[in-house]
Amino acid sequence: MRKNEKSGVTVVEVAGWAMREEFRKEAARKTVHFFGGLAVAIICFLIPDWLYIPFSACFALFIAFLFYLECLRFHGCLNLPMLRSDEHKNIGGHVFFFLGAFICVLIFPKSIAVASILMLSAGDAASGVAFAAISEQKSNNPPHKKPFLVMFVMFIVSFIAGCMFFRLIHHPFPVIFALSGAIGATIADSFPIRIFNYRINDNITIPLFAGSLMLLLRFAFF
């Protein structure tokens with residue numbers, strides 16, 4: 001074990017501090033992730049049907065504003081401290097997060113859209129923190145698959161979020177719909193989707209997979 005002669009700090013201790021710091025940053029990112037998604041879901045749920053089109057238009061303007069901020073960031077005019085290291089030269093995950101929520105609002109019925117956004121905000125936040133907590137296992141897992149524990153956390157939290165919402169709106173089959181959505185969200189979170197060797201951000205695929213399975217279940221059986 002190597003040790004710095006001047007400070008008396010070992011390499012293992014430095015690595016441990018770095019891992020704890022990365023965990024704190026990830027926990028902070030996912031906290032913002034969760035409350036941001038929760039806010040979008042609540043607004044989407046409470047908005048009257050006659051305001052849905054204006055709401056969607058405002059949401060689209062907000063997405064455009066986020067892309068404008070990204071352009072400023074790429075030109076060095078803006079700094080976002082909570083970005084991951086791989087996001088400094090790429091579009092930030094927060095943009096894809098709101099883009100995924102926006103697509104759900106556009107293509108799914110309101111109840112399914114809200115449930116999908118909740119699974120994205122709660123499930124992905126929980127799995128991200130869980131993955132950071134066991135980050136020492138990253139090198140032991142293939143890049144296309146997350147550890148089983150992380151997959152389990154994603155599924156359970158998404159399922160609970162779905163059940164709570166569907167029971168809140170007195171849906172006749174809350175467990176079945178929450179189960180199908182949680183399965184879709186877990187698949188999207190655990191197995192990256194690639195198109196022409198380009199990885200689709202899971203902030204888009206998670207709500208789309210969750211919502212698509214719930215919508216398919218609705219069409220097929222209800």
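Basis of the calculations
- Residues numbered from 1 in each chain as written.
- Predicted model: local features only at pLDDT ≥ 70, side-chain atom pairs only at ≥ 80, totals over all residues.
- Heavy atoms only, no water.
- Helix = DSSP H or I, 4+ residues; strand = E, 2+ residues; numbered from the N terminus.
- Buried < 20%, exposed > 50% of the residue type's maximum accessible area, 1.4 Å probe, protein only.
- Contact = heavy atoms within 4.5 Å.
- Areas by Shrake-Rupley, 256 points an atom, 1.4 Å probe, with all protein chains shown as cover.
- Axes fitted to C-alpha atoms, helices over the stretch in contact; angles between N-to-C directions.
- Left-handed = near helix turned anticlockwise from the far one by under 90°.
- Nonpolar A, V, L, I, M, F, W, Y, C, P; charged D, E, K, R; others polar.
- Expected span 1.5 Å × (residues − 1).
- Parallel < 35°, antiparallel > 145°, perpendicular 65-115°, else oblique.
- Phe/Tyr/Trp six-rings, centres within 6.5 Å; stacked < 30°, edge-to-face > 60°.
- Core = buried A, V, L, I, M, F, W, Y, C linked by side-chain atoms within 4.5 Å.
- Salt bridge = Lys/Arg side-chain N within 4 Å of Asp/Glu carboxyl O.
- 1 Å grid on protein atoms, 1.4 Å probe; cavity = no way out; pocket = protein on both sides within 12 Å on 5 of 7 lines; lining within 4 Å.
- Points joined across faces, edges and corners; volume = space filled by probe spheres on them.

Now for the overall build of the protein chain. Looking only at helices and strands, one finds seven helices and two strands in the protein chain. Counting helices and strands in the order they occur from the N terminus, the protein chain gives α-α-α-α-α-α-β-β-α. Considering the protein chain as a whole, with its 222 residues, one finds that 41% of them fall into the buried category. Considering only intrachain contacts with a sequence separation of at least 6, the fraction spanning at least 24 residues in the protein chain is 69%. Element-wise, carbon and sulfur atoms account for 70% of the exposed surface of the protein chain, whose accessible area totals about 12,700 Å².

Time to look at the packing of helix α6 (residues 174-190) against helix α7 (residues 202-221). Closest axis-to-axis distance for the α6/α7 pair is 7 Å, and the angle between their directions is 150°. Judged by the twist between their axes, the crossing of α6 over α7 is right-handed. Along the contact surface, α6 presents I176, F177, S180, G181, I183, G184, A185, I187, A188 and D189, while α7 presents D202, T205, I206, F209, A210, L213, M214, L217 and R218. Residues that form the contact of α6 with α7 fall into these classes: twelve nonpolar, four polar and three charged.

What follows is about helix α2 (residues 52-74). Count 3.6 residues to each turn of an α-helix, and residues three or four apart come out pointing the same way. For α2, which comprises 23 residues, the first-to-last C-alpha distance of 33 Å matches the rise-based estimate of 33 Å (1.5 Å per residue) to within 8%. For α2, every residue scored as buried is listed here: Y52, F55, S56, F59, I63, L66, E70 and R73. Backbone geometry just downstream of α2 places G76 in the positive-phi region, at approximately 80°.

Okay, the packing of α2 against helix α3 (residues 93-107) next. The relative placement of two packed helices comes down to the angle between their axes together with the axis-to-axis distance. At their nearest, the axes of α2 and α3 sit 10 Å apart, and the two run at 160° to each other. With respect to their mutual orientation, α2 and α3 come out roughly antiparallel. For α2 against α3, the interelement crossing comes out left-handed. Mapping the contact onto sequence places Y52, F55, S56, F59, A60, F62, I63, L66, F67 and E70 in α2 and H94, V95, F98, L99, A101, F102, V105 and L106 in α3. Of the residues belonging to the contact of α2 with α3, the class tally is 15 nonpolar, two polar and one charged.

Once that is clear, we can look at the packing of aromatic side chains. Within the structure shown, the criterion is met by eleven aromatic pairs. Pairing F34 with F35 gives two aromatic rings, centres 5.1 Å apart and planes at 75°, and the pair type is edge-to-face. By relative accessible area, which is 51% here, F35 ends up exposed. An angle of 10° between the planes, with centres 6.1 Å apart, marks the rings of F155 and F159 as stacked. One end of the pair is F155 and the other is F159, both in helix α5 (residues 148-168) and four residues apart, which spans about a single turn. Members of the aromatic cluster, each reached through a chain of ring pairs, are F45, F165, F166 and F177.

As a rule of thumb, nonpolar side chains are buried together in soluble globular proteins. Residues F59, F98, V105, I117, F166 and M214 are the most contacted members of the largest nonpolar core, which totals 41 residues. Breaking this core down by element, the ones donating at least two residues are α1 (11-46), α2, α3, α4 (110-133), α5, α6 and α7. Setting aside residues up to four positions removed in sequence, F166 forms contacts with S111, A115, H171, P174, F177, A178 and M214.

In the structure shown here, the tally under the stated rule is two salt bridges. Of the charged contacts in the structure, one is a salt bridge between K110 and D49, with a shortest N-O distance of 3.4 Å. In this pair, K110 sits in helix α4 while D49 sits in the loop between α1 and α2, placing the two residues 61 residues apart along the sequence.

The volume enclosed by the second largest pocket comes to roughly 270 Å³. Around the second largest pocket, the lining is made up of 15 residues, and of these L38, L118, A161, M164 and F165 lie nearest the centre. Taken together, the elements giving at least two residues each to the lining of the second largest pocket come down to α1, α4 and α5. The element contributing the most residues to the lining of the second largest pocket is α5, with six residues. Here the residues of the lining of the second largest pocket sort into 14 nonpolar, one polar and no charged.

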